[in-house]
Amino acid sequence: MEFDRIEVSDRLQGNYFDPGIETASRGEIHRVQLEKLRRQAARVFERVPWYRERFGELGVRPEDIRTLEDVRHLPFTDKQALRDTYPFGLCAVALDDVVRLHSSSGTTGKPIVIGYSQRDLDVWSECIARLATMAGVTRADRVQMAFGYGMFTGGLGLHYGCEKLGCMIVPAGSGNTERHLMMIEDYKTTVLIATPSYALHMCEVGESLGFDWAASSMRVGLFGGEPCTPGMKREIERRMHIVCTDNYGLTEVNGPGVSGECLYSRDHQHIAEDHFLWEVIDPVTNEPLPEGHEGELVLTLLDKEAFPMLRYRTRDLTRVTTEPCACGRTHARMAKVRARTDDMLIVRGTNIFPNQVEDALVGIQGLAPHYRIVLDNETGLDRMTVMVELRPDAFSDSFEQMGHFRQHIVDRLRQALLITPVVKLLEPGAIERTVGKSKRVEDKREKS
Ligand code: DLL
């Protein structure tokens, strides 16, 4: 790929940073994207029968793509397409050229599976090395992996990307928090890779064992895999004495590495636009939305060889801006994913996203960072119960004191959600801990 080299700001130092790509002019980025889009559309039309049929239904041909806006004439791809063609129906290379599979469990039925060619893995690692560099990670860092190494893309994806950057990796994997703490102490690791909920759990276990986070070698957290609200991020940074960045991705589109947060734009993440073409659409009408409006993120993989998704419906709600970033990078930035179109809860007619509950709870003195939302309609009406867990120092035998505390939480939630939930205070340790993505909602409502 050829980009015009433009002047590099000294804020962009790092050993996996390519100014020719990451600070290219918007015009140059569009030129490269269009060239790749046309090539990708032609490839999938030729090699993937499922796409050829969809092109036929829409009466579109690859050569109809003349501008980037023409992407909207191409068919969408969604999870159902992957299920319908399971396991290898969307593969665009010979299976002998697929060198790795990853999958995502989903909530029902078969998992979806994604294959990678060797070149796909190289591009993926590069995206990861780039996002680690954005967070200030260099080859001198020692990276401790707390994501699992199985079919989940988080473990191996970030592992190889950090290795590409030249870091020392400690592939500890998920779980066994005490062993993680010991490794930080013994190997003087400096970067933690985890889901934010597991990082919070590590804070808590460390504190209960007298682990001195302020004096530890840990300095950066590379988080992702689940939403990390600003409150949660502040809380982890304060308690672990580190800087953490939020990184987004999904299995269908490689995994982590779609976008990463730089240290100058703390609530947005740069999308690797040389590899991913983004659109933001209205999830109901499917129409494109103007820049800056919140909608569903749709991604087209411009370089993927094995499973080249066109217009993948992520179901994630975000906004994208192309405004210049203080770091000097020119790639568009997406706001933190606020929610998914499919995890919105409708409780007595009010739309509620689980993140809103989290945002209201984070920072309440005396609460542990663990909660569950349970919905039922046993009495005929929707009822939302938020179970929160007390920290040991907040637990009291005084009925009155606990009553006031509970009321304070109800008030905070009512303000945030506009409905009044039932709040249950649980004793320390009562809510089950997860080592990967947290599971917050249990919907027991009978659907009539
Ligand atoms: O979670 C990929 C990943 C792993 C990204 C590690 C970053 C770090 P899936 O298991 O397929 O893949 O889940 C993808 O998780 O559609 C979002 O809804 C959510 N998600 C992932 N990262 C973030 C994030 C990986 N940083 C689904 N913020 C996505 C909010 C996220 N949601």
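Residues numbered from 1 in each chain as written. Predicted model: local features only at pLDDT ≥ 70, side-chain atom pairs only at ≥ 80, totals over all residues. Heavy atoms only, no water.

## Observations concerning the packing of aromatic side chains
Here comes step 1: For the structure on display, the rule yields five aromatic pairs.
Here comes step 2: Ring centres of Phe147 and Phe152 lie 5.5 Å apart, and the angle between their planes is 85 degrees; on these two criteria the pair is classed as edge-to-face.
Here comes step 3: By relative accessible area, which is 5% here, Phe147 ends up buried.
Here comes step 4: You can call Phe152 partly exposed: its relative accessible area is 29%.
Here comes step 5: Sitting over the face of the ring of Trp50, Arg54 holds its NZ or CZ atom 4.7 Å from the ring centroid.
Here comes step 6: The ring of Phe76 carries the charged tip of Arg311 above its face, separated from the ring centre by 4.1 Å. (Phe/Tyr/Trp six-rings, centres within 6.5 Å; stacked < 30°, edge-to-face > 60°. Buried < 20%, exposed > 50% of the residue type's maximum accessible area, 1.4 Å probe, protein only. Lys NZ or Arg CZ within 6 Å of the ring centre and 35° of its normal.)

## Quick notes on the packing of helix 8 (residues 196-208) against helix 9 (residues 230-240)
Here comes step 1: Between helix 8 and helix 9, whose axes approach to 10 Å, the crossing angle comes to 35 degrees. Crossing of helix 8 over helix 9 shows left-handed handedness. Facing helix 8, whose interface residues are Pro196, Ser197, Ala199, Leu200, Met202, Cys203, Glu204 and Glu207, helix 9 presents Met232, Glu235, Ile236, Arg239 and Met240.
Here comes step 2: Of the residues that constitute the contact of helix 8 with helix 9, the class distribution is eight nonpolar, one polar and four charged. (Axes fitted to C-alpha atoms, helices over the stretch in contact; angles between N-to-C directions. Helix = DSSP H or I, 4+ residues; strand = E, 2+ residues; numbered from the N terminus. Left-handed = near helix turned anticlockwise from the far one by under 90°. Contact = heavy atoms within 4.5 Å. Nonpolar A, V, L, I, M, F, W, Y, C, P; charged D, E, K, R; others polar.)

## Section: the nonpolar core
Soluble globular proteins tend to pack their nonpolar side chains together in the buried interior.
Here comes step 1: Counting residues in each nonpolar core, the largest one holds 73 residues, and the members touching the most others are Tyr51, Val137, Ile193, Phe276 and Met309.
Here comes step 2: The biggest single contributor to this core is helix 5 (residues 118-134), with nine residues.
Here comes step 3: Beyond its immediate sequence surroundings of up to four residues, Met309 is in contact with Tyr51, Thr77, Leu82, Leu90, Ile114, Glu252, Leu299, Thr300 and Leu301.
Here comes step 4: Judged by nonpolar contacts, the second largest core, of 24 residues, contains Leu367, Ile373, Met384 and Val423. (Core = buried A, V, L, I, M, F, W, Y, C linked by side-chain atoms within 4.5 Å.)

## Things to note about a nonpolar patch on the surface
Here comes step 1: Together, Phe88, Leu95, Leu101 and Met151 line one region of the surface with nonpolar side chains, adding up to about 340 Å² of accessible area.
Here comes step 2: Relative to the helices and strands, Leu95 is located in the loop between helix 4 (79-84) and strand 1 (100-104). (Patch = residues over 30% accessible without salt bridge, like charges linked within 9 Å, V, L, I, M, F, W, Y side chains within 5 Å. Areas by Shrake-Rupley, 256 points an atom, 1.4 Å probe, with all protein chains shown as cover. Salt bridge = Lys/Arg side-chain N within 4 Å of Asp/Glu carboxyl O.)

## Quick look at the pattern of salt bridges
Oppositely charged side chains are able to pair whenever their charged atoms sit close together.
Here comes step 1: A complete count under the given rule lists 36 salt bridges for this structure.
Here comes step 2: Its salt-bridge partner being Glu207, residue Arg239 comes within 2.8 Å of it at the nearest N-O pair. Of the two residues, Arg239 is situated in helix 9 and Glu207 in helix 8; the sequence distance between them amounts to 32 residues.
Here comes step 3: For Glu207, a relative accessible area of 36% puts it in the partly exposed group.
Here comes step 4: With a shortest N-O distance of 2.8 Å, Glu389 and Arg433 are connected by a salt bridge. On the criterion of sequence distance, the pair formed by Glu389 in strand 19 (residues 383-390) and Arg433 in the loop between strand 20 (422-426) and strand 21 (441-443) is long-range, its members being 44 residues apart.
Here comes step 5: Each of Glu207, Glu235, Arg238, Arg239 and Arg391 takes part in salt bridges that share partners, so that together they form one network.

## Brief notes about the pairing of strand 5 (residues 191-194)
Here comes step 1: Neither face of strand 5 is left uncovered, since the one carrying Val191 and Ile193 and the one carrying Leu192 and Ala194 both have all their residues buried.
Here comes step 2: Where strand 5 meets strand 6 (residues 220-224), four bridges bridge the pair, whose relative direction is parallel. Residue pairing in the sheet places Ala194 in a bridge with Phe223 of strand 6.
Here comes step 3: Traced from strand 5 through helix 8 to strand 6, the parallel crossover comes out right-handed. (Pairing = 2+ DSSP bridges. Right-handed = clockwise from strand over helix to strand, strands pointing away.)

## Considering unusual backbone geometry
Here comes step 1: Residue Pro87 is bonded to the preceding Tyr86 through a cis peptide linkage, with omega at -5 degrees.
Here comes step 2: Within the secondary structure, Pro87 is located in the loop between helix 4 and strand 1.
Here comes step 3: Backbone geometry places Asn176, a non-glycine residue, at a positive phi of 55 degrees.
Here comes step 4: For Asn176, the location among the structural elements is in the loop between strand 4 (168-170) and helix 7 (177-187).
Here comes step 5: Classification of Asn176 by relative accessible area gives partly exposed; the value is 48%.
Here comes step 6: Phi is positive for Arg315, which is not a glycine, with a value near 70 degrees.
Here comes step 7: Relative to the helices and strands, Arg315 resides in strand 12 (residues 312-318).
Here comes step 8: Arg315 sits in the partly exposed class, given a relative accessible area of 27%.

## Notes on the sheet that holds strand 15 (residues 339-340)
Here comes step 1: Here we have four strands laid out as an open sheet, ordered 10-11-12-15, and antiparallel in their pairing. Every interior strand has two partners, whereas the edge strands, strand 10 (276-281) and strand 15, have only one.

## Some thoughts on the side chain of Glu261
Here comes step 1: Relative to the helices and strands, Glu261 resides in the loop between strand 8 (255-260) and strand 9 (268-271).
Here comes step 2: Within the local environment of Glu261, its side chain forms a polar contact with the backbone nitrogen of Asp246, the two atoms lying 2.9 Å apart.
Here comes step 3: At 2.8 Å, the side chain of Glu261 forms a polar contact with the side chain of Arg266.
Here comes step 4: The contacts of Glu261, once residues within four sequence positions are left out, are Met134, Ala135, Lys233, Cys244, Thr245, Asp246, Asn247, Arg266, His268, Gln269 and Lys336. (Polar contact = N/O pair within 3.5 Å; in protein donor to acceptor, adjacent residues only side chain to side chain.)

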